[in-house]
Amino acid sequence: MENGAVYNDTTEPEAKAPRRRLFGCTLRNLWGWRLPAKVVQAIFSFVAVVCEEIVEDCSTCSGLYFFEFISCSTFLLSLLILCVYCTDLYESLGEDKVQKL
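Remember, predicted model here, so these are calculated numbers, not experimental data.

> Hey, could you run me through the nonpolar core in this one?
Looking at soluble globular proteins, one finds that nonpolar side chains tend to be buried together. One finds Leu30, Ala42, Leu82, Val84, Tyr85, Cys86, Tyr90 and Val98 forming the largest nonpolar core, which totals 8 residues. In terms of residue count, helix H3 (residues 62–85) provides more of this core than any other element does, 3 residues in total. Dropping the residues within four chain positions of it, Tyr90 is found in contact with Asn29, Val84, Tyr85, Glu95, Val98 and Gln99.

See the structure below:
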């Protein structure tokens, strides 16, 4: 027996590293009509934030401030949902934790 002959039959070949997707993006968890709906929601909420920022003068600003809060919150939450569902974060957190979130 040679030196390396003993180990050649039982040693597993070196596994290749799994191929990573660009930024971990996947559309597996958000498919069908849900993906376009979330993208449209993010676009509309961003447009609402921009339109609110254009207003320079207002007579009663409390409604405008409330609208700013709601539109900005909607924009950030829709981006969060897109990031969670369209990346590997969904698998790493687990479906039950994402549903609770």
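> What exactly am I supposed to notice about the side chain of Ser78 here?
Structurally, Ser78 can be placed in helix H3. Residue Ser78 is classed as buried on the basis of its relative accessible area of 1%. Ignoring anything within four residues of it in the chain, the contact list for Ser78 reads Gln41, Ala42 and Ser45.

> Where do I start with a nonpolar patch on the surface in this structure?
Side chains of Val39, Val40, Ile43, Phe44, Phe46, Val47, Val50 and Ile54 sit close together on the surface and give an oily, nonpolar patch of about 720 Å² of accessible area. Its place among the elements puts Val47 in helix H2 (residues 34–54). Residue Val47 is classed as partly exposed on the basis of its relative accessible area of 41%.

Procedures and definitions
- Residues numbered from 1 in each chain as written.
- Predicted model: local features only at pLDDT ≥ 70, side-chain atom pairs only at ≥ 80, totals over all residues.
- Heavy atoms only, no water.
- Core = buried A, V, L, I, M, F, W, Y, C linked by side-chain atoms within 4.5 Å.
- Buried < 20%, exposed > 50% of the residue type's maximum accessible area, 1.4 Å probe, protein only.
- Helix = DSSP H or I, 4+ residues; strand = E, 2+ residues; numbered from the N terminus.
- Contact = heavy atoms within 4.5 Å.
- Patch = residues over 30% accessible without salt bridge, like charges linked within 9 Å, V, L, I, M, F, W, Y side chains within 5 Å.
- Areas by Shrake-Rupley, 256 points an atom, 1.4 Å probe, with all protein chains shown as cover.
- Salt bridge = Lys/Arg side-chain N within 4 Å of Asp/Glu carboxyl O.

Note that every value here comes from positions in space, so none of it alone points to a role or purpose.
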